[in-house]
Amino acid sequence: MPRIFAYIVHKNGVLDDTAAELPVAARKIVSPPDAAAAVTAIVVGWGADLDKVCESLRGLYAETWKVAQEGLAYPNAELVRQAIVKVVPAGSIVLVPHGHFGVDLSPGLSIKINAAYVPDVVDIEGIDGQWLKVVRQEFGGQVSAHMRANLSTGAVLNVRPGAFRPTGTAPMNGQVVDKSAEIGVLTARRQYLETIAAEIGDVDITKAPVLVSIGRGIGEQENIAIADDLAEVMGAAVSCSRPVVDAKWLDKSRQVGSSGQTVRPKVYMACGISGSFQHLAGLKGSPFIVALNKNPKAPIFRVADVGIVDDMLAFMPALAARVREESCVPGKGRRS
Amino acid sequence: MEILVCVKRVPDTSENEIQLARGGADIERADLVYSINEPDNYAVEEALQIVSRTGGKVTVVTVGNEEDEEVLRREMAMGAAGAVLLSDQAFEGSDGRGTAAILKAYVQSRHYDLILTGVQADDGCAQVGGMLAALLDYPFASLVTSIEVEGQRLKIAREVEGGSKEINRIDLPCVLSIQTGINEPRYVGMRGIRQVASIPIPTPCAADLGVEVDEVGKTAAKVQRVDYFVPPAGKGAQILQGSREEIVEKLMDLLKAKGGLN
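Since this is a predicted model, take the numbers as computed values, not measurements.

**A look at the domain arrangement of chain A**
Often, the extent of an interface is quoted as the loss of accessible area upon association of its parts. All names here are of chain A. Per the domain assignment, the segments of chain A are domain 1 (4-182) and domain 2 (205-328). Taking only C-alpha atoms, the centre of domain 1 and the centre of domain 2 are 34 Å apart. Between domain 1 and domain 2, the contact holds six residues from the first and seven residues from the second.

Now the structure itself:
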């Protein structure tokens, strides 16, 4: 049985949610699936923030390997990769959260430790001989695929955030092992300079109780007016998914998703949005989700409460007209 | 600056229902329209904009067969000066590492200052660029949203959580994966594609590239797809039925109940 490691993402001394999710994924690899102690955390960083993170990890992992170096105060993937290559034994399985850091780190890490690499793993079905069977999604989440990874020289698995829910196991009293002395001098040809915070736009979608959110299905820029009109009569704000921002039809500040805003509306109307996991990652607080999409197989229908299979460009004006009609009926007047 | 952009021909699945074929051995591909992987257009556009400032030229490359020529020609119509199709039966069934190994062999036979890829392709793996960089021992950065040339280095922005930008300096030569939205890829018309129709595209094989055939292809793949399947629906949405008018009425009631009309 290969040794399993979990790469810990943290920021400002606080663990990322994935720190509690990776042990759940690890337990689906081992068979029989018992040993909570079988996964070792690897955490790199520097200073008081790192100490704080290590203390939190003692409750989640039986063993934490700590790598402290000033140059690792910000997680530069090139430096982190060198550190991992130096401490992880050959043939190990390394779990990494599939986020903006994981896609930076893991493909190259898998080459440098000569391991199999499976990105964006959403489920794990266990080991069969020298193969580990896992589940991925392809074609924007429309279809899933069973993949198998040859474990004979180890594996790096990038695990989708949120796919493995922590089960609320009893807190551990784990130990922290300082591996800093094994790292030596790290050198990078890529240098981190600074982080520039996202700009705040004209409309703050994070404050809106109702969002009319549009995706690729909006088709062209002139059609944005259709969404604006519906939002206006509903008393909602217009948000969007990535393709609308890429096309420069709406400002980046309107984007819902892991690389955009995190929103907590009461009602979320997803119009022409396929429902990629990056988009859904920005949707919190269990809103009532209405999905409007002409493709009945769109992944958004799996997470929505109510679905409408129709052309959004025809349905949205029809709904807007009906809302407007309602608000004009005497005695049923809506505040505007 | 000499820039290589790695591209891929993929089925356009954004507006199409995907069906399984042969019990999940593949997806039904007959009715799908294939075209350039959309993120790759942003990478090619970015490369063209860089050479317009610094001089040099852009070359596009893919691993595949004669069907893939059309996407190379499309990117030439955008402005790429040349294209290369790395093609050999031994390449079929390669995993990400195999594809990266084939590209590495090609890169080592030439000189490129900068290698770009789109952020990801149809399989959502986002892996070949990072693997290629590691095989070449070049630095790598993913999710790049801006590039400024500063002599033998680049100043780049990466997209991180919440729409924030991580600014880095990176030495050349390097590999970057380009995030969508970094620019506005230029339009390509039929006329543009006709103009490049007769430009020869070299198609080096494994032997030409010096690729060891037992290090690529299906048998060398450390990662293999077993099958495709449709995930269980789970809870799933309650699909509103009826005419458009009837559905609007049902939705009105739901929106009122859930606080969707303000």
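Moving on from the model shown.
**Some remarks on the interface of chain B and chain A**
Facing the 69 residues of chain B at the interface are 76 residues of chain A. Listed by contribution, the elements that provide at least two residues to the side of chain B that touches chain A are α3 (96-108), α4 (128-136), β9 (140-150), β11 (165-171), β13 (223-229), β14 (238-239) and α8 (244-258) of chain B. Residues that form the side of chain B that touches chain A fall into these classes: 32 nonpolar, 20 polar and 17 charged. Bridge analysis of strand β10 (residues 143-150) of chain A against β13 of chain B gives six bridges, and the strand direction is antiparallel. Of the residues in β13 of chain B, the one forming a bridge with M147 of chain A is R225 of chain B.

**Thoughts on unusual backbone geometry**
Note the cis peptide between L172 of chain B and P173 of chain B, where omega equals -5°. Unlike most non-glycine residues, N12 of chain A shows phi in positive territory, near 50°. Take N12 of chain A: it is sitting in the loop between β2 (10-11) and β3 (14-15). C-beta crowding within 10 Å serves as the criterion here: with 7 such atoms nearby, N12 of chain A is assigned to the exposed category.

**What about the environment of Q278 of chain A?**
Residue and element names in this part refer to chain A. Within the secondary structure layout, Q278 lies in helix α7 (residues 277-280). Sequence spacing of Q278 and G257 is 21 residues, and the spatial spacing of their C-alpha atoms is 5.4 Å. Not counting residues up to four positions away in its chain, the partners in contact with Q278 are G257, S258 and S259.

**Observations regarding the sheet that holds strand β7 (residues 82-86) of chain B**
Adjacent strands of a sheet form backbone hydrogen bonds with each other and so pair up, either parallel or antiparallel. The nine strands lie next to each other as β13(A)-β11(B)-β10(B)-β9(B)-β12(B)-β8(B)-β1(B)-β6(B)-β7(B), forming an open sheet whose pairing is mixed. The open sheet terminates on both sides in strands that have one partner only, identified here as β13 (190-196) of chain A together with β7 of chain B. Averaged over all adjacent pairs, the angle separating strand axes in this sheet is 30°, with direction ignored. The pairing of β13 of chain A with β11 of chain B spans six bridges and is antiparallel. Bridged to T195 of chain A within β11 of chain B is E166 of chain B. Running over the sheet, α4 of chain B touches β1 (2-6), β8 (114-118), β9 and β12 (174-178) of chain B and is turned about 175° from β12 of chain B.

Quick notes on the rules
- Residues numbered from 1 in each chain as written.
- Chains lettered and ligands numbered in written order.
- Predicted model: local features only at pLDDT ≥ 70, side-chain atom pairs only at ≥ 80, totals over all residues.
- Domains from an automatic or database assignment.
- Contact = placed C-beta atoms within 7 Å.
- Helix = DSSP H or I, 4+ residues; strand = E, 2+ residues; numbered from the N terminus.
- Nonpolar A, V, L, I, M, F, W, Y, C, P; charged D, E, K, R; others polar.
- Pairing = 2+ DSSP bridges.
- Buried ≥ 20, exposed ≤ 12 C-beta atoms within 10 Å, placed from the backbone.
- Axes fitted to C-alpha atoms, helices over the stretch in contact; angles between N-to-C directions.

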